[in-house]
Amino acid sequence: MPPAWLLGGMFRGQHKHAQNAQWWPIERSRAYQLENVRAILKLTYERTPFYRRVFDSLGFHPQDIRTLGDLSQLPTVDKQVVSENLSDMCTKSISNSDVDFVSTGGGSGTPLRLYLNASRSSIEYAHLVTSLERVGYHLGMPMAVLRGRTVQADRSGLHHEYDPILRHHYYSALHMSDGDMARCLAHIATIGPCFLHVYPSSITALARFILREGKEVPKNVRGIIAESEIVYPEQRRMVEDVFACRCFSCYGQSEKVALAAGCEQSDDYHVWPTYGYFELLDERGQPVTTPGRQGEIVGTGFINTVMPLIRYRTGDWAIYVGDRCEACGREHTIIRDIRGHRTQEVLIAGDGSEIPWAALNMHDDTFLRVRQFQFMQETPGRAVLRILPAEGFGAKDSGRIQRNLGRKLDSQLSFTIELVDAISLSARGKAIYVDQRIPQEKRASSNAPCDT
Ligand SMILES: [Zn+2]
């Protein structure tokens, strides 16, 4: 049975919709966005104590919205606001069975808790699949996923699991020793024409391994999708050279307010007009309209109807390029150089291999009563997990963190928990999740980001 059928009617409808909508002229997209913004404002005003308070204090009523520009009358919200008003921001009871709870590492190592409607998954997946179709992916094509999923090893030592519905082959970005990488590459070569779904840091490690050991590149890789961390241009070029295919990136966030992806020709990010209303705001909160200028990505999401976020500041910054891609002709907002908390930070396993921090970002209750956390590492295979505890943090929480993270780390790295009063950023303000003190030359593979 074709995967689109297994994914259900909602997915099929959304998929068709996204395929058409990506070519809409800008006027049609704007009209669609205005309609959706109005619906979200009405929903939040009627159903959430938080937005009711905000709107009333401004003397604002959802009917007051005549143009998308009118939205700027409302204040922006950020992670802080969300964590302080969590239950007041929901449109329905969170005990409903169609409500999902998600917790994520968020920016600055501060866990963020969110509630989402279960139905957003098919809308999101439809947009993602449509984005990937631009570079030759089609549903049903095998996908080799090398990310944070916990995958058990078979007798040969290969970490591999298979999902026959989506035809996804799961490997482990947490197991990247030379032996692991060799087994993983050999297996990928057997799964037929496929795409790779990876962290930029893991595909870079794989590409460097191929170059270093003179390994044969699987000839069946048709494209690479690199997500969740910044993709440095030099890395993209190296990966594309080694695998002889496109290294394609999508941008999204757990908060589901904006989604963007490259196109057939360009690596610039095309912002999906049907996923949310997108704004790029400068330091003073003014819209960035000059190409080449930088602004913060601010989004009003359309797909989360349980906890809608209006003018949500993502903490990610990007360069504004224009309102149309010259290469493909899509009339989308085009941005590039997305920067923010999506840094490439790694822990070093006992054998010297690298464990991407992104793979340890737990999307469950692991960090439930944790305000902030950061790893500190001085010795391969060992680390200290610094925790700034939230109210009620106790032995049960430490135990859960040890258990859940320990399961992922699979004895490649042991860690002790240290409760602290404050967690500071590194001197360069970049290392947020890992205070990495092992010098580069002492690591097995040099995977330094070619950042400027
Ligand atoms: Zn384009």
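All residue numbers refer to position in the chain's written sequence, counted from 1. Totals for whole chains, interfaces and linings use every residue, but because this is a predicted model, local features are given only for residues with pLDDT of at least 70 and side-chain atom pairs only at 80 or more, for both listing and counting. Derived side-chain values reflect all non-hydrogen atoms in the structure, with water molecules and hydrogen atoms excluded from consideration.

Chemist: Just checking my understanding: could you explain the packing of aromatic side chains for this structure?
Modeler: A ring pair, where both rings are aromatic, is described by two values, the distance of the centres and the angle of the planes. Pairing of aromatic side chains requires ring centres within 6.5 Å, counting the rings of Phe and Tyr and the six-membered ring of Trp. Pairs whose planes differ by under 30 degrees are stacked, by over 60 edge-to-face, and all others tilted. In the structure shown here, the tally under the stated rule is 13 aromatic pairs. With a centroid separation of 6.5 Å and 25 degrees between ring planes, the pair formed by Trp-357 and Phe-373 is classed as stacked. Separated by 16 residues along the polypeptide, Trp-357 in the loop between β16 (354–356) and β17 (370–379) and Phe-373 in strand β17 bring together distant segments of the chain. Across the pair, exposure class does not vary: Trp-357 and Phe-373 are buried alike. For the pair Trp-357 and Tyr-433, a centre-to-centre distance of 3.6 Å together with 15 degrees between the ring planes defines the contact as stacked. Separated by 76 residues along the polypeptide, Trp-357 in the loop between β16 and β17 and Tyr-433 in the loop between β19 (414–419) and β20 (434–436) bring together distant segments of the chain. Each residue is assigned to one of three classes by its accessible area relative to the maximum for its type, calculated with a 1.4 Å probe on protein chains only: buried under 20%, partly exposed between the two thresholds, exposed over 50%. On the basis of relative accessible area, Tyr-433 is assigned to the buried category, the value being 2%. Through a chain of ring-to-ring contacts, three or more aromatic side chains come together here, namely Tyr-45, Phe-50, Tyr-51, Phe-55 and Phe-60. Sitting over a ring, as applied to charges here, requires NZ of Lys or CZ of Arg to be within 6 Å of the ring centre and within 35 degrees of the ring normal. Of note, Arg-52 hangs over the ring of Tyr-45, and the distance from its end group to the ring centre comes to 4.2 Å. In this structure, Arg-149 packs its charged tip against the face of Tyr-170, placed 3.8 Å from the ring centre. In DSSP terms, a helix is any run of H or I states spanning at least four residues, a strand is any run of E spanning at least two, and both are numbered starting from the N terminus.

Chemist: Sorry, what's going on with the coordination of the zinc ion here?
Modeler: When a metal carries six donors in an octahedron, the ideal angles between them are 90 or 180 degrees, while four donors in a tetrahedron ideally lie at 109.5 degrees. For the zinc ion, the full set of protein donor atoms is Cys-263 (SG), His-270 (NE2), Cys-325 (SG) and Cys-328 (SG), and the range of their distances to it is 2.1 to 2.3 Å. Only nitrogen, oxygen and sulfur atoms within 2.8 Å of the metal, or 3.2 Å for Na, K and Ca, are treated as donors, and water is left out, so sites may look incomplete. Only two sets of limits are used to name each site, 85 to 135 degrees for every angle of a tetrahedral four-donor site, and over 155 degrees for opposite donors with all other angles from 65 to 115 for a square planar four-donor or octahedral six-donor site, with any other site named irregular. Considering all 4 donor atoms around the zinc ion, angles at the metal cover 98 to 124 degrees and the coordination shape is tetrahedral. Mapped onto the sequence, the residues coordinating the zinc ion show the spacing C-x6-H-x54-C-x2-C. Here Cys-263 is found in the loop between β9 (260–261) and β10 (269–271), whereas its partner Cys-328 is found in the loop between β13 (312–322) and β14 (334–339), with 65 residues between them in sequence. Judged by relative accessible area, which is 17%, Cys-328 ranks as buried.

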